[in-house]
Protein chains: 2
Amino acid sequence: MESKTDNLIGKTITLDDVAKEAGVSRKTVSRVINANGYVSEATRQRVEAVVRKLGYRPNLVARTLASARSTVIGLMIPGITNRYFSQVIAGVESIAQENQYSVLLLNTYGDFARERDAIRLLEEHRVDGLVYNTPTLPVAELRQLLPRQKAVVIIGHDPIEGMAGTVNVDVYSAMIQAVEHLVDVGRRRIAYVKPGIDERYPHRKRLEGLREAFRRLKLDVPPLMVEAVGGSIEDTSNQVEAWLSTKPDVDAIICYNDEAAVATIDACDRLGIKIPDDIAIVGFDDISLSRIQRISLTTFRIPRYEVGVAAARILFEQIHSTGDTSEVILQSAFVKRNSTPA
Amino acid sequence: MESKTDNLIGKTITLDDVAKEAGVSRKTVSRVINANGYVSEATRQRVEAVVRKLGYRPNLVARTLASARSTVIGLMIPGITNRYFSQVIAGVESIAQENQYSVLLLNTYGDFARERDAIRLLEEHRVDGLVYNTPTLPVAELRQLLPRQKAVVIIGHDPIEGMAGTVNVDVYSAMIQAVEHLVDVGRRRIAYVKPGIDERYPHRKRLEGLREAFRRLKLDVPPLMVEAVGGSIEDTSNQVEAWLSTKPDVDAIICYNDEAAVATIDACDRLGIKIPDDIAIVGFDDISLSRIQRISLTTFRIPRYEVGVAAARILFEQIHSTGDTSEVILQSAFVKRNSTPA
DNA sequence: GTGAAAGCGCTAACAA
DNA sequence: TTGTTAGCGCTTTCAC
């Protein structure tokens, strides 16, 4: 059997090739591929057979150029390696797949310049939308950059009026609850192991909660706080150890996240400090590790995966209907374990 | 001051707009943007000024269509959430950024169908290359699918002759070393906590190493092995606990990875089994957690990040010079801690 | 139901 | 050093 396209070996198969081989117009093939518009059943069958025979694959790049829709969204993350963010990524990715979208992943390292570059790059790739995790750039700059994107959802940042959807976790309330719990079990000299210079939303909200709780409960201003989160568990542990050996009057420590809490536990271990008798410890996240007996960390379960899911959902709402930029706030759940007294 | 393009508000700025405004040809602008070809200094200055003034951003989609190069690579990962893979991602991403490339991330969940879809999608996106982590698809199918890609590097799989570069970690030797270490410290009844049904390379190689070590050291065939890796730490811990309570004669357990090892430690704790006195435990990975006192896990440091870096490097070699498909094998490093006797 | 023509924004090859 | 002419492979509009 002869075909009009036998000389196509090695060449990329295009819509034209399929059309020629099937003896129909390009548009008809396009209709079959995209399952839109009316095509007679017979024609459809014939076209589909040819598509299979030739091993045709649509060129999404050409489609994007012609249609101005890319079926790609961008995802900016400050640290891929971080357990927290990898769950967010998973959530976003899953909803993207559900919507037949692909995810372009950009690691920003929580760095101004990289964030700028990433936004630009995403714009140049003409992505249909962008999930932007924990912006470091000042609001003024965001106001300039974001309007150029077709759709934006920000995670971990104050809403920027009418410019982007936002998804946040209510760590403010969680922090208040943490302090209340510690006071309930008789602790008063509460410290906070926090990230280094960090004005970003997730930290700021914790801090506001901490201050509010101290005010309400009429506690002293928290003792010097340890700036120790961000590096490896080992680094954090060393810094906390050094700090602890100069601060013997602390009886409770709240940590920015579970990783820091584990590091803090390790520091206490090395100093012979008993948990929770001498010092009680509270974390944030509820990583799976916090559950094992040797750690048994009191913490707040933060719905990381759900954060990603929510962000992606809002984004697709925007993409599909230029829907309003909404704000979602997810709650965390207190999990009492053995690193704090009963 | 008047410009020829004052009526461009709202419209996407194209190369043409810049060219018109600057009073040069499109190609000249293209030369300035891409910094290739000769352009007089004066012209360059003028064009750059216009680019800035108009806020022009090249359309990468159009460029890709015209040039058949996408500056995007695909990255297929069986599980984003997994600590191991997130490091690999970071490695790939970092080299990609270095090469001015973006990464399209696809989560395959270690699932046939998803892997197939992902490869197709990547092909349709006309990515310049593809890093494929731990293929689950049978070799026969890979032979069909992979040649359609411009460049391929596979992580965690036997080399497929002339079809893709490969990056692997020599866990075979590591496993032998693990057994030797355990025998050295007097253990003979060694068990292996392994993934469920899993014929994939990383597990198979460990298993081959295990068998070889048992042969060399004339040990009995390892006791029933626990299929317990893959779910959460909690799941694994429960399964190991259940199994352990029926197998009191084990004096050492090698675990597929550190996460499983931590779960195993937890199971022992709950059963009142002393580590390392009653049972010695060895893991694979050296996650940062393994270092803390409460865990102090004997393990093998696996260069995860470096795996990603190596994969990306090979890929770019292929992309830039249709270089040979090479094979890289990285070594792991034994790390002795307190979960095994001195 | 189907087709023809135009064009998305860029690069490539060749001129000038 | 710069410009011209064709496409890249698809969708879109409008005609038949």
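Nothing here was measured: the structure is a model prediction, and the numbers come from that model.

The rules behind the values
Residues numbered from 1 in each chain as written. Chains lettered and ligands numbered in written order. Predicted model: local features only at pLDDT ≥ 70, side-chain atom pairs only at ≥ 80, totals over all residues. Heavy atoms only, no water. Least-squares fit on C-alpha atoms with pLDDT ≥ 70 in both. Domains from an automatic or database assignment. Near = heavy atom within 4 Å. Polar contact = N/O pair within 3.5 Å; in protein donor to acceptor, adjacent residues only side chain to side chain. Helix = DSSP H or I, 4+ residues; strand = E, 2+ residues; numbered from the N terminus. Nonpolar A, V, L, I, M, F, W, Y, C, P; charged D, E, K, R; others polar. Contact = heavy atoms within 4.5 Å. Buried area = accessible area lost by both parts, 1.4 Å probe. Salt bridge = Lys/Arg side-chain N within 4 Å of Asp/Glu carboxyl O. Buried < 20%, exposed > 50% of the residue type's maximum accessible area, 1.4 Å probe, protein only. Pairing = 2+ DSSP bridges. Right-handed = clockwise from strand over helix to strand, strands pointing away. Axes fitted to C-alpha atoms, helices over the stretch in contact; angles between N-to-C directions. Phe/Tyr/Trp six-rings, centres within 6.5 Å; stacked < 30°, edge-to-face > 60°. Lys NZ or Arg CZ within 6 Å of the ring centre and 35° of its normal. Expected span 1.5 Å × (residues − 1). Core = buried A, V, L, I, M, F, W, Y, C linked by side-chain atoms within 4.5 Å. Parallel < 35°, antiparallel > 145°, perpendicular 65-115°, else oblique. Left-handed = near helix turned anticlockwise from the far one by under 90°.

Participant: Could you give me a rundown of the relation of the copies chain A and chain B, with the residues and numbers involved?
Facilitator: You can overlay chain A on chain B at an RMSD of 0.2 Å; the transform is a turn of 180 degrees with a shift of 0.1 Å along its axis. Both copies of the chain, as the preceding transformation shows, are related through a two-fold rotation axis. Looking at the rotation axis and the C-alpha trace of chain A, the residue lying nearest is L104 of chain A, at 2.2 Å.

Participant: Quick rundown of the domain arrangement of chain A? Include the residues and the values.
Facilitator: Segmenting chain A into domains produces domain 1 (6-58), domain 2 (67-169 + 305-331) and domain 3 (171-303). Just the C-alpha atoms count here: the centres of domain 1 of chain A and domain 2 of chain A sit 36 Å apart.

Participant: For the protein's contact with DNA strand D, give the residues involved together with the corresponding values.
Facilitator: Close contacts around DNA strand D come from 24 residues, with L15, R26 and Y56 of chain A together with S40 and T43 of chain B the closest. Counted by atom, the contact set of DNA strand D within 4 Å of the protein is 60% sugar and phosphate. Within the contact set of DNA strand D, a phosphate oxygen lies 2.8 Å away from a side-chain nitrogen or oxygen of S30 of chain A. In this structure, S40 of chain B approaches DNA strand D through a main-chain N or O atom, which is 2.5 Å from a phosphate oxygen. Mapped onto the surface near DNA strand D, the elements with two or more residues apiece are α2 (26-34) and α4 (60-67) of chain A together with α2 (26-34) and α4 (60-67) of chain B. By residue class, the composition of the surface near DNA strand D is 10 nonpolar, 9 polar and 5 charged.

Participant: Could you give me a rundown of the interface of chain A and chain B, with the residues and numbers involved?
Facilitator: Frequently, the measure chosen for interface size is the accessible area removed from exposure when the parts meet. Contacts between the two partners involve 54 residues from chain A and, on the opposite side, 54 residues from chain B. Both sides together, the interface formed by chain A and chain B hides about 5,300 Å², and carbon and sulfur atoms give 54% of it. Along the contact surface separating chain A from chain B lie 6 salt bridges. The partner of E234 of chain A in a salt bridge is R291 of chain B, with the nearest N and O atoms 3.0 Å apart. Counting across the interface, chain A meets chain B through 25 residue pairs in polar contact (both at pLDDT 80 or more).

Participant: How would you summarise the pairing of strand β1 (residues 72-77) of chain B if you had to cite specific residues and measurements?
Facilitator: Residue and element names in this part refer to chain B. Most of β1 is tucked away, with 6 of its 6 residues classed as buried. Burial of the side chains of β1 extends over both faces: V72, G74 and M76 are buried on one face and I73, L75 and I77 on the other. The pairing of β1 with strand β2 (residues 102-107) spans 6 bridges and is parallel. When the bridges of β2 are listed, M76 appears paired with L106. In this fold, the crossover linking β1 to β2 by way of helix α5 (residues 83-98) has right-handed handedness.

Participant: Talk me through the pattern of salt bridges; I want residue IDs and the actual numbers.
Facilitator: Residues and elements named next belong to chain A. This structure, assessed with the given rule, holds 40 salt bridges over all chains. For K150, the salt bridge identified is with D128, shortest N-O distance 3.0 Å. A residue pair is termed long-range when its members are at least 10 positions apart, and K150 in the loop between α7 (139-145) and β4 (152-155) and D128 in the loop between α6 (112-124) and β3 (129-133) qualify at 22 residues. One continuous salt-bridge network, built from bridges that share partners, spans D158, R204, K205 and E208.

Participant: Describe the protein's contact with DNA strand C, with residues and values.
Facilitator: Near DNA strand C you find 23 residues, and of these T28 and S40 of chain A together with L15, R26 and Y56 of chain B are the closest. Sugar and phosphate atoms constitute 62% of the interface atoms of DNA strand C, taking the interface as everything within 4 Å of the protein. R31 of chain A places a polar side-chain atom, nitrogen or oxygen, 3.2 Å from a base oxygen of DNA strand C. The set of elements that each furnish at least two residues to the surface near DNA strand C consists of α2 and α4 of chain A together with α2 and α4 of chain B.

Participant: Can you break down the sheet that holds strand β2 (residues 102-107) of chain A residue by residue, with the values?
Facilitator: The strand order β11(A)-β5(A)-β4(A)-β3(A)-β1(A)-β2(A)-β2(B)-β1(B)-β3(B)-β4(B)-β5(B)-β11(B) describes an open sheet built from 12 strands, whose pairing is mixed. With one partner strand each, in any of the chains shown, β11 (327-330) of chain A together with β11 (327-330) of chain B form the two edges of the open sheet. Here the average twist between neighbouring strands, direction ignored, is 20 degrees.

Participant: So what's going on with the packing of aromatic side chains? Residues and values would help.
Facilitator: Throughout the structure, instances matching the rule amount to 8 aromatic pairs over all chains. Ring centres 5.2 Å apart and planes at 50 degrees place the aromatic pair F300 of chain B and F334 of chain B in the tilted group. Here the residue F300 of chain B occupies a position in strand β10 (residues 299-301), and F334 of chain B occupies one in strand β12 (residues 333-335), the gap between them amounting to 34 residues. By way of ring pairs, the aromatic residues F284, F300 and F334 of chain A are connected into one cluster. Just above the ring of Y256 of chain A sits the side chain of R206 of chain A; from NZ or CZ to the centre is 4.1 Å.

Participant: Provide a residue-level description of helix α11 (residues 258-271) of chain A, including the pertinent values.
Facilitator: Residues and elements named next belong to chain A. Between its terminal C-alpha atoms α11 stretches 20 Å, which fits the 20 Å expected from 14 residues at 1.5 Å a residue. In terms of burial, α11 is a largely internal element, 11 of the 14 residues being buried. All buried positions along α11 are accounted for by D258, A260, A261, V262, A263, T264, I265, D266, A267, C268 and D269. Following α11 by one or two positions, G272 adopts a phi angle in the positive range, close to 75 degrees.

Participant: Please give an account of the nonpolar core that cites residues and values.
Facilitator: Formed by 104 residues in total, the largest nonpolar core has its most connected members in I254 of chain A together with I254 of chain B. Filtering out sequence-adjacent residues up to four positions away, I254 of chain A remains in contact with M175, A178, V179, L182, I190, A191, Y192, V193, L210, V282 and F284 of chain A. In this structure, A191 and V193 of chain A together with I233 and C268 of chain B belong to the second largest nonpolar core, which totals 53 residues.

Participant: Give me unusual backbone geometry: which residues, what numbers.
Facilitator: Across the junction of I275 of chain A and P276 of chain A, the peptide omega takes the value 5 degrees, indicating a cis bond. Mapped onto the secondary structure, P276 of chain A falls in the loop between α11 and β9 (280-282). Unlike most non-glycine residues, T71 of chain A shows phi in positive territory, near 50 degrees. Tracing the backbone through its elements, the reader meets T71 of chain A in the loop between α4 and β1 (72-77). Positive phi outside glycine occurs at T134 of chain B, with the angle close to 50 degrees.

Participant: Outline the packing of helix α10 (residues 233-244) of chain B against helix α11 (residues 258-271) of chain B, supporting the account with residue identities and numerical values.
Facilitator: When two helices pack together, their arrangement is given by the angle between the helix axes and the distance between those axes. Residue and element names in this part refer to chain B. Interhelical geometry of α10 versus α11 gives an angle of 50 degrees and a closest axis separation of 8 Å. In terms of axis orientation, α10 runs oblique to α11. Between α10 and α11 the crossing geometry is right-handed. Here α10 contributes I233, T236, S237, N238, V240, E241 and L244 to the contact with α11, which in turn contributes E259, A260, A263, T264, D266, A267, C268, R270 and L271. Broken down by class, the residue content of the contact of α10 with α11 amounts to 8 nonpolar, 4 polar and 4 charged.

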